[in-house]
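Examination of the molecular architecture
Residue strings, one per chain:
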Amino acid sequence: MQYFCGKQRIAKPLSEFLNMQLVPGQVFIDLFCGSCNVVSNIRSDVKRYANDKNKYLPVLFERIQHGMKLPKDVPEEMYYMVKDMPEDTLEQIATKGFVGFGCSFAGKWWGGYARGGEGRNYAENAYNSTMKKAAKMQDVAFFCMDYSDFICPEGSLVYCDIPYNGTTQYSAVGDFDHEKFYDWAQQQNGCRILTSEYKYNVPDGATIVWEHNSKKDIRNKDGEKESTTEVLFEFV
Ligand SMILES: C[S@@+](CC[C@H](N)C(=O)[O-])C[C@H]1O[C@@H](n2cnc3c(N)ncnc32)[C@H](O)[C@@H]1O
């Protein structure tokens, strides 16, 4: 499933690094899990938690754990019908999560019906990638709250894929206050907080522990995907 600003491009090297920092039985928290590209690649001998303030994706993955089936084909009429559907049950919320992100252009929330190109069924691709991730997350516990309300157990490794500074905000969850997040991260004694960002956005006083060269998701005005360096930083 495509997810706007998801870590699908760099999930493999990033999770390889995170896996090396973990020991069996430790708690790993993907505190801004989005479409779970990272937590789904974290070793299963740790206790894994995934949280996002936007309810649709945690509820989607939690419902799949409980046996909910997703559609493999989502015609355009169904896309708009799901958009207008009520949210009375967890299944309805999960269906909206799958269709509203997975079947939308560029994985943007109801960003327009994504038509598959020649021989390509967009919904089926979203279905396959969602089920592939879900199969690796049978034991993940899902939560839906603001990061600052989450109580991180002592000794846990907390991965924070925050909305990058200066990028389009997630309208569903409100603007992200980066200064407030840096204060919070520095107050989490007893846990290790590792945060993703572009290298040029790393705040003063933080230490870079991992970096990776990649291309931005968004194209510039010349239609090109610019090269950039994404890092993990921590306050030590
Ligand atoms: C960069 S995305 C995470 C992408 C994810 N790692 C993936 O690969 O799909 C940032 C996420 O932070 C969530 N978010 C924004 N503000 C939040 C907050 N205050 N507390 C918790 N989650 C928040 C957004 O809903 C979004 O899913």
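For the structure, see preceding data.
The present account deals with the structure reproduced in this document. Throughout this document, residue positions are counted from 1 along each chain, in the order its sequence is written. Owing to the predicted nature of the model, reporting of local features is limited to residues with pLDDT of at least 70; listing and counting of side-chain atom pairs is limited to 80 or more, with chain, interface and lining totals taken over all residues.

Turning our eyes to something else, we now look at the environment of Gly-6. In this text, helices come from DSSP runs of H or I with a minimum length of four residues, and strands from runs of E with a minimum of two, each type numbered from the N-terminal end. Tracing the backbone shows Gly-6 in the segment before helix 1 (11-21). Sequence-wise, Gly-6 and Val-38 are 32 residues apart; in three dimensions their C-alpha atoms are separated by 9.2 Å. Filtering out sequence-adjacent residues up to four positions away, Gly-6 remains in contact with Gly-34, Ser-35, Asn-37 and Gly-107. Placing a C-beta atom from the backbone of each residue, one calls two residues in contact when those atoms lie within 7 Å.

For the rest of this paragraph, the subject is helix 1. Field definition: a residue is buried when 20 or more other C-beta atoms are found within 10 Å of its C-beta, exposed when 12 or fewer are, and partly exposed for counts in between, with C-beta atoms placed from the backbone. Looking only at helix 1, the buried set comprises Leu-14, Ser-15 and Leu-18. Projection of helix 1 onto a plane perpendicular to its axis shows the buried side chains occupying an angular sector of 90°, all on one side. Opposite the packed face of helix 1, turned more than 90 degrees from it, sit the exposed residues Lys-12, Glu-16 and Met-20. Regarding the arc, it is the one traced by the directions from the helix axis to the C-beta atoms.

Let us look at the environment of Ile-29. Looking at where Ile-29 falls in the secondary structure, it is placed in strand 1 (residues 27-30). Under the C-beta neighbour-count criterion, Ile-29 is labelled buried, with 25 such atoms within 10 Å. Measuring from C-alpha to C-alpha, the distance between Ile-29 and Tyr-182 comes to 17 Å, with 153 residues separating the pair along the chain. Ignoring any residue separated from it by four or fewer positions in sequence, one finds Ile-29 in contact with Tyr-49, Asn-51, Cys-152, Ser-156, Val-158 and Tyr-159.

By definition, a nonpolar core groups buried Ala, Val, Leu, Ile, Met, Phe, Trp, Tyr and Cys residues that connect through C-beta atoms lying within 7 Å of each other. Ranked by internal contacts, the top residues of the largest apolar core, which has 48 residues, are Val-39, Leu-60, Phe-61 and Tyr-159. Per element, the largest residue contribution to this core is six residues, and it comes from helix 2 (residues 56-65). With residues up to four places along the chain from it excluded, the contact list for Leu-60 reads Ala-94, Gly-97 and Phe-98.

Looking now at the packing of helix 3 (residues 76-83) against helix 4 (residues 90-102). One way to put it is that helix 3 packs onto helix 4 with a least axis distance of 9 Å and a crossing angle of 130°. Regarding the angle of helix 3 to helix 4, the classification is oblique. Here helix 3 runs over helix 4; the crossing is left-handed. Every residue of helix 4 that contacts helix 3 at Tyr-79, Val-82 and Lys-83 is listed here: Thr-95, Lys-96, Val-99 and Gly-100. Amino acids outside the nonpolar list (Ala, Val, Leu, Ile, Met, Phe, Trp, Tyr, Cys, Pro) and the charged list (Asp, Glu, Lys, Arg) are all regarded as polar, and Gly is one of them. Among the residues forming the contact of helix 3 with helix 4, the class breakdown is three nonpolar, two polar and two charged. For helices, the fitted axis covers only the stretch in contact; all axes are lines through C-alpha atoms, and the angles between them, taken along N-to-C directions, range from 0 to 180 degrees. For classification purposes, an angle smaller than 35 degrees is called roughly parallel, one larger than 145 roughly antiparallel, one from 65 to 115 roughly perpendicular, and anything else oblique. Should the near helix be turned anticlockwise from the far one by less than a right angle, the crossing is left-handed, and should it be turned clockwise, the crossing is right-handed.

A few words now on unusual backbone geometry. Of all residues except glycine, most have a negative phi; of all peptide bonds, most are trans. Located in the positive-phi region is Cys-36, a residue other than glycine, with phi close to 65°. Look at Cys-36 and you get buried, because 29 C-beta atoms sit within 10 Å.

Bringing helix 5 (residues 122-135) into the picture now. Under the 1.5 Å per step criterion, the end-to-end length of helix 5 is 20 Å for 14 residues, consistent within 8% with the ideal 20 Å. What helix 5 keeps buried is the set Ala-123, Ala-126, Tyr-127, Thr-130, Lys-133 and Ala-134. Taken down its axis, helix 5 places every buried residue within 140° of arc, on the same side. In helix 5, the exposed residues that point more than 90 degrees away from the buried face are Lys-132 and Ala-135. Looking at the buried side of helix 5, the elements it contacts are helix 2 and helix 4. A helix is expected to span 1.5 Å multiplied by its residue count minus one.

Looking at the element boundaries, Met-1 is found in the segment before helix 1. Residue Met-1 is classed as buried on the basis of its C-beta count, with 27 C-beta atoms lying within 10 Å. In this structure Met-1 touches Ser-35, Phe-101, Gly-102, Gly-107, Ala-126, Ser-129 and Thr-130, once residues within four positions along its chain are discounted.

Time to look at the packing of helix 2 against helix 4. Helix 4 packs onto helix 2 with a crossing angle of 115° between their chain directions and a minimal axis gap of 8 Å. With respect to helix 4, the axis of helix 2 lies roughly perpendicular. In this structure, helix 2 crosses over helix 4, and the sense of that crossing is left-handed. On helix 4, the residues that touch Tyr-56, Leu-57, Val-59, Leu-60 and Arg-63 of helix 2 are Leu-90, Glu-91, Ile-93, Ala-94, Lys-96, Gly-97, Phe-98, Gly-100 and Phe-101. In terms of residue class, the contact of helix 2 with helix 4 is built from nine nonpolar, two polar and three charged.

Let us look at the pairing of strand 2 (residues 47-51). Burial of strand 2 is extensive: four of the five residues sit out of reach of the surface. Only strands joined by at least two bridges in the DSSP assignment are considered to pair. Alignment of strand 1 against strand 2, held across four bridges, turns out to be parallel. When the sheet's bridge partners are listed, Phe-28 is paired in strand 2 with Arg-48. Here strand 2 pairs with strand 3 (residues 141-143) via three bridges, running parallel. Note on strand 3: the bridge partner recorded for Asn-51 is Phe-143.

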